[in-house]
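# Working through the structure, step by step
Each chain, written out:
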Amino acid sequence: MEKIETKIIKVNEINPEEELILEGAKFIKEGKLVAFPTETVYGLGANGLNEEAVKEIFVAKGRPQDNPLILHVSSIEDIRPLVKSVSKEAEILMKKFWPGPLTLLFKKSKKVPNIITAGLDTVAIRMPNNPIALGLIKNSGMPIAAPSANTSGKPSPTSADHVIEDLYGKVHMIIDGGSTGVGLESTVLDLTEEIPMILRPGAITLEDLQSIIPNVEEDLSIIKNSNDIVPKSPGQKYRHYAPKADMLVFVGDVENMVMEIKVQAKEFISQEKTVGIMATEETKDRYGQGIIISVGSRKNMETIGHNLFNTIRLFDQKEVDIILAEGVELSYIGTAIMNRLKKASGGNIIKV
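Anyway, here's the lowdown on the structure attached to this text. (Residues numbered from 1 in each chain as written. Predicted model: local features only at pLDDT ≥ 70, side-chain atom pairs only at ≥ 80, totals over all residues. Heavy atoms only, no water.)

So, about the side chain of Thr335. Topologically, Thr335 is positioned in helix α10 (residues 333–344). Of the residues examined, Thr335 reaches a relative accessible area of 8% and is grouped as buried. Look past the residues within four positions of Thr335 in its chain and what remains in contact with it is Pro201, Glu218, Ile222, Glu329 and Leu330. (Helix = DSSP H or I, 4+ residues; strand = E, 2+ residues; numbered from the N terminus. Buried < 20%, exposed > 50% of the residue type's maximum accessible area, 1.4 Å probe, protein only. Contact = heavy atoms within 4.5 Å.)

Here we have five strands laid out as an open sheet, ordered β14-β13-β15-β12-β16, and parallel in their pairing. For this open sheet the edge positions go to β14 (291–294) and β16 (349–351), each flanked by a neighbour on one side alone. Strand-to-strand, the axes of this sheet are offset by a mean angle of 20°, without reference to chain direction. Pairing geometry for strand β13 (residues 275–279) and strand β15 (residues 322–326), over four bridges, is parallel. (Pairing = 2+ DSSP bridges. Axes fitted to C-alpha atoms, helices over the stretch in contact; angles between N-to-C directions.)

One pass over the full model with this rule turns up four cavities of 30 Å³ or more. Its boundaries defined by the atoms lining it, the second largest cavity holds a volume of some 50 Å³. The wall of the second largest cavity is formed by Met278, Ala279, Thr280, Val295, Ile304, Leu308, Glu326, Val328, Ile337 and Leu341. Taken together, the residues of the lining of the second largest cavity break down into eight nonpolar, one polar and one charged. (1 Å grid on protein atoms, 1.4 Å probe; cavity = no way out; pocket = protein on both sides within 12 Å on 5 of 7 lines; lining within 4 Å. Points joined across faces, edges and corners; volume = space filled by probe spheres on them. Nonpolar A, V, L, I, M, F, W, Y, C, P; charged D, E, K, R; others polar.)

Attention shifts here to the packing of helix α1 (residues 18–29) against helix α5 (residues 131–140). When two helices pack together, you describe them by how their axes are tilted relative to each other and by the distance separating the axes. Where α1 meets α5, the axes come as close as 8 Å, and the angle between the chain directions of the two elements is 50°. Taken together, the axes of α1 and α5 are oblique relative to one another. For the pair α1 and α5, the crossing hand works out as right-handed. For the pair formed by α1 and α5, the contact residues are Ile21, Leu22, Gly24, Ala25, Ile28 and Lys29 on the first element and Ile132, Gly135, Leu136, Asn139 and Ser140 on the second. (Parallel < 35°, antiparallel > 145°, perpendicular 65-115°, else oblique. Left-handed = near helix turned anticlockwise from the far one by under 90°.)

Positionally, His72 belongs in strand β4 (residues 70–72). Along the sequence, His72 and Glu23 sit 49 residues apart, while their C-alpha atoms lie 18 Å from each other. Contact partners of His72, with chain neighbours within four places excluded, come to Arg126, Pro128, Ile137, Pro143, Ile144 and Ala146.

Turning our attention to the layout of surface pockets. What the largest pocket holds in volume is close to 180 Å³. If you go around the largest pocket, you meet 14 residues; those closest to its centre are Val251, Gly252, Gly327, Val328 and Glu329. Among the residues making up the lining of the largest pocket, the classes are represented as eight nonpolar, two polar and four charged. Volume-wise, the second largest pocket comes out at about 150 Å³. In terms of lining residues, the second largest pocket is bounded by Leu49, Val73, Ser74, Asp78, Pro81, Leu82, Lys111, Ile137, Lys138, Gly141, Met142 and Pro143.

Turning our attention to the environment of Asp190. Mapped onto the fold, Asp190 is located in strand β9 (residues 187–190). Between the C-alpha atom of Asp190 and that of Asn348, which follows or precedes it by 158 residues, the distance is 28 Å. Side-chain polar atoms of Asp190 contact the side chain of Thr192, separated by 2.6 Å. (Polar contact = N/O pair within 3.5 Å; in protein donor to acceptor, adjacent residues only side chain to side chain.)

With that settled, the discussion passes to the nonpolar core. For soluble globular proteins, the rule of thumb is that nonpolar side chains tend to be buried together. Membership of the largest hydrophobic core comes to 47 residues, with the highest contact counts inside it found for Leu104 and Ile125. Elements supplying a minimum of two residues to this core: β3 (42–47), α2 (51–61), α3 (88–97), β5 (102–107), α4 (114–117), β6 (122–126), α6 (160–167) and α7 (206–210). Each residue touching Leu104, except ones within four places of it in the same chain, is listed here: Ala90, Leu93, Met94, Trp98, Val123, Ala124, Ile125, Leu189 and Leu191. Judged by nonpolar contacts, the second largest core, of 26 residues, contains Ala245, Met301, Phe315 and Ile333. (Core = buried A, V, L, I, M, F, W, Y, C linked by side-chain atoms within 4.5 Å.)

For the rest of this paragraph, the subject is unusual backbone geometry. Residue Pro99 is reached from Trp98 by a cis peptide bond, and omega for that bond is -5°. Relative to the helices and strands, Pro99 is located in the loop between α3 and β5. Phi is positive for Ala118, which is not a glycine, with a value near 55°. Looking at the secondary structure, you find Ala118 in the loop between α4 and β6. With a relative accessible area of 29%, Ala118 lands in the partly exposed category. Backbone geometry places Tyr332, a non-glycine residue, at a positive phi of 50°. Summarising the element assignment, Tyr332 is placed in the loop between β15 and α10.

Right, let's get into the pairing of strand β2 (residues 34–37). Side-chain alternation along β2 places Val34 and Phe36 on one buried face and Ala35 and Pro37 on a second face that is also buried. When β2 meets β3, the two strands line up antiparallel, connected through four bridges. Bridging across to β3, Pro37 finds its partner in Tyr42. Taking the residues between adjacent antiparallel strands as the criterion, β2 and β3 are bridged by four residues. Judged from the two bridges that link them, β2 and strand β8 (residues 173–176) form a sheet pairing that is parallel. Opposite Val34, over in β8, you have Met173 as the bridge partner.

Here's what the structure looks like:
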């Protein structure tokens, strides 16, 4: 694609300057691409009702067009023109979790372009919990379509530097609002079927949702890698979050994981490969070889979610040949972390 002049603006993440937000909103109104922070990851935004503007998202990212996009709104009332109906369950969940990292699937109205939904009759919508994002949406006066602001397939961006690395010269504006909080994309919940179904896990967990809607279930695609899946949600079908290096993810007892990773590291090093080890605070001092980076503490799994994508990018910067990563338990936010690790590794999971 033809190189675009990219404007970078630094915005106060707590009290964003109104004139800077208005400048970003003007770009959106003009059909231009604006990367901006949310509480999950940075998004690549365009006017969600302008088909030509949305097409530019796919071009800039190199994203397959059968991968649906999420529409971002600034209030609950904003969703009503975009959907056929709002169920009682949706009302409860929006009041409980919005603004926040929960995306809901609705039957779409005719107002939503088919390019947003990859031709499906459902649309994914969320209200981000970030003052910059909310200000941008409100002042643009329209829903903003925004997948993660990275090259398709690469680790999602949790800082403006990540966006600059991937998309400088491909977008019109990058709003630098500091590092994101959650660090993992939103939970996606399908409310259009008889059984509410989590299509993508995130910081709003199965356990959180079941406390309100007991019959919520998780889609098999969360733990199954298959290109046969027709994606109803971003992140279901394709390999995502991938480092440049090969990645192996180890799951099981922590002691067994450490022992096996040490064995594997020694073997790869003997082959003159540069080995990266994604450890945790509890295990980082137990590895004597390799480039060791702690992704966070097992006692506070949110830190692992927050640091995960940045850690993968750090290994890219260090040009390792192989990443050996410790897995985590499949509960609460650990399910989302393992979902991302499985996607990043292309399903290379080793049970120990």
